[in-house]
Amino acid sequence: MPRKVDYGFRYEDDNYDVYEDYDYDYADDYDYEEEENGIAPVTKAKQEASRTGVWRCPICTYDNENSMSACDICGVLRNPLVKVNNKGDTAAAAAFKFDAPSPDDLVSNGLRSVKSKSKDSRGRGTNFLVESELAANGLVSSSTSVTRERHNGVEENDSTSGSGNKPETFNTRMDTESLPSKSGKARSIIERKTESISQYIPEKWMTPNNKDDGLSQLNLAIVGHVDSGKSTLSGRMLHLLGRISQKEMHKYEKEAKQQGKGSFAFAWALDESAEERERGITMTVGVAFFTSRKYHVVLLDSPGHRDFVPNMISGATQADAAILVVDASMGSFEAGIDAIGGQTREHAQLIRSFGVDQIIIVVNKMDVVEYSKERFDVIKQKLGTFLRSCGFKDSSILWIPASAMENQNLVANPSEARLSWFKGPSLLDAIDSLQLPERDYSKPLLMPICDVIKSQSQGQVTACGKLESGAIRTGSKVLVMPSGITATARSLERDSQLCNIARAGDNVTVNLQGIEGNQVTAGGVICHPDYPVQVTNRLQLKILVLDISTPIVMGSQLEFHIHHAKEAARIVKILSLLDPKTGNTTKKSPRCLLAKQNAIVEVVLQGPVCVEEYSSCRALGRVFLRSSGRTIALGIVTQVIKREE
């Protein structure tokens, strides 16, 4: 059975606009006697929450546990950003409304790469692309496990780009500091090793050999516009490959028919929650496994609705390759590629910025258009133009016409005579033709935590995620950040099976021993005890601004996404504009950023995150900036600045 994972928060359009001031008080909850006496009114909801150990959402009035940092129902943050006193900054913090780029604009203007003259950890020259991973020549866990502690406000020392104070950066792997844990106990003091990661020597067992299992693990994200048939396609594939039994399939069909949704039976194999089934859409990332002739495939079924793009970002960031599903029916494809609200467009940009350069385009629901070759060619021409503008090469794009409902061209060549014009591979053969990206076995262990499962009865804590570098085995000592607590890997699971060793690229479940549940959070990182990941709330970024209608200025309040972590953020400095071709500085301290500009900015986050510079770890150095329900900029971390207290 597939493993369902909730990678983030839920959003509704009406509750997604501005973080500026969410602390609304309802009239019925005011104590007017106190207000008349000159005492600041306190809502009864807050008084009740303080008594019962819960906090009430000011938007939907749902009572959440104190450990929750966002509402479990509507996703509103518990602690909004502090207001900016400066009048100019306050005005700049207004909500944005952005337009997604059109294909013609992207072709003419281009999401060009921004090259940076630097070297990677092996000393080789590296061309950073704020869209080789991000542009044209070429960016948490179940709701019950979101327990990150947030500060009451974002602090900043410098609010103007003209400040003469140079930010203090990390010169060693970790400064000596004592951090308070969520349980109230003082965390142990950790000292970052001064030696470089390049001096790290992996043990022999960390490198795979010919005696190991011949099948490698491939992490495959399923993305696309809402109602394009992603979950139905995934469920049908799992059923055909024997991962879902006939008995289970019969159960799904019966339940779907009882609710008048018989065509959703295959989708229900991954959409397991009552709310997902009632609404008929995927809301969280479903994780399932199957085996092809060449790979152990981890299937990441991502939500397509625009309200759940943050969940898609957090889940699909683990992908090695992607399947972009588009609806062939008239009007549906056009809605997905539309410049306003089209998730085919936004998902393609995000997948490319994750570092994914191999993509399979499944033109689904071909049965609706009578398997028309003309319709397939029109979609291929329009979407192909846009994908090339995002940085995908024609040689890395595979086009597959298919019908998930009628089982055409999924695991075998099509039997439908009207599809005889297609001479290419089936979807399963196309998956086997993908190439694995290079794995970092020679670097220390790094595993961003995407989900945490806590068993109170057994007293166990389990963390799920993809190993970005290094290796781990049963009995290994690991460091859990940002808590700074050392734990032991009691057992490992890969593809839902127990294993002794997991290496870079594997999607694993780690059962931890010697650590409390509140010390392991989604968005954290499991790392080597001698090489802890950096933790900070102030970063310097190199970003590419997407199509926006309102400029980005100092004081702009945004959502900051990095691997499986999400924090409210504010732009505190706009350092320079960059030439999109050469990467050289064209203007220092600009007043604002416009659409399709490349820039260096400095941001302050409401809470600390685990992060590394892009040059040392790509997975922990890619960032996404969002506002008003849209992705407005993609970027990479160029400098980790000393954490503000």
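Criteria and cut-off values
Residues numbered from 1 in each chain as written. Predicted model: local features only at pLDDT ≥ 70, side-chain atom pairs only at ≥ 80, totals over all residues. Heavy atoms only, no water. Helix = DSSP H or I, 4+ residues; strand = E, 2+ residues; numbered from the N terminus. Buried < 20%, exposed > 50% of the residue type's maximum accessible area, 1.4 Å probe, protein only. Areas by Shrake-Rupley, 256 points an atom, 1.4 Å probe, with all protein chains shown as cover. Polar contact = N/O pair within 3.5 Å; in protein donor to acceptor, adjacent residues only side chain to side chain. Contact = heavy atoms within 4.5 Å. Salt bridge = Lys/Arg side-chain N within 4 Å of Asp/Glu carboxyl O. Expected span 1.5 Å × (residues − 1). Pairing = 2+ DSSP bridges.

In the annotation of an unreviewed UniProt entry, the protein is listed under the name HBS1-like protein isoform X6 and assigned to Sesamum indicum.

Along the backbone of the protein there are 12 helices and 30 strands. Counting across all 645 residues of the protein, residues that qualify as buried make up 57%. Counting only carbon and sulfur atoms, one obtains 47% of the accessible surface of the protein, whose full area is about 26,200 Å².

For Asn511, the position within the fold is in strand β20 (residues 507–513). Asn511 sits in the buried class, given a relative accessible area of 10%. Separated by 3.1 Å, the side chains of Asn511 and Gln460 make a polar contact. Not counting residues within four places of it along the chain, the set of residues in contact with Asn511 comprises Gln460, Val461, Thr462, Thr488, Ala489, Arg490 and Ser491.

Under the counting rule described, the total for this entry stands at 15 salt bridges. A salt bridge links Arg56 to Asp63, with the nearest nitrogen and oxygen atoms 2.8 Å apart. For Arg56, a relative accessible area of 27% translates into the label partly exposed. According to the relative accessible area criterion, Asp63 is partly exposed, its value standing at 32%. A salt bridge links Arg494 to Asp506; its shortest N-O distance comes to 3.2 Å. One end of the pair, Arg494, is in strand β17 (residues 485–494); the other, Asp506, is in the loop between β19 (501–503) and β20, with 12 residues separating them in the sequence. For Arg494, a relative accessible area of 24% corresponds to the partly exposed category. Judged by its relative accessible area of 10%, Asp506 is buried.

With that settled, consider the environment of Val611. In this structure, Val611 sits in strand β28 (residues 598–611). For Val611, a relative accessible area of 0% translates into the label buried. Sequence spacing of Val611 and Gln639 is 28 residues, and the spatial spacing of their C-alpha atoms is 10.0 Å. Residues in contact with Val611, not counting those within four places in the same chain, are Val533, Gln534, Thr536, Leu539, Ile562, Leu620, Val637 and Val640.

This part takes up helix α11 (residues 373–390). Helix length check: α11, at 18 residues, gives a terminal C-alpha distance of 25 Å against a target of 26 Å (1.5 Å per residue), a fit within 8%. When we look at burial in α11, the residues that qualify are Arg375, Phe376, Ile379, Leu383, Gly384, Phe386, Leu387, Ser389 and Cys390. Gly391, located one to two residues past α11, shows a positive phi value of around 110°.

The subject of this paragraph is the pairing of strand β26 (residues 585–588). Regular strands place their side chains on alternate faces of the sheet. Pairing geometry for strand β25 (residues 565–578) and β26, over 3 bridges, is antiparallel. In the strand pairing of β26, Leu577 is matched with Lys587. Between β25 and β26, which follow one another and run antiparallel, lie 6 residues, and Gly583 among them has a positive phi close to 80°.

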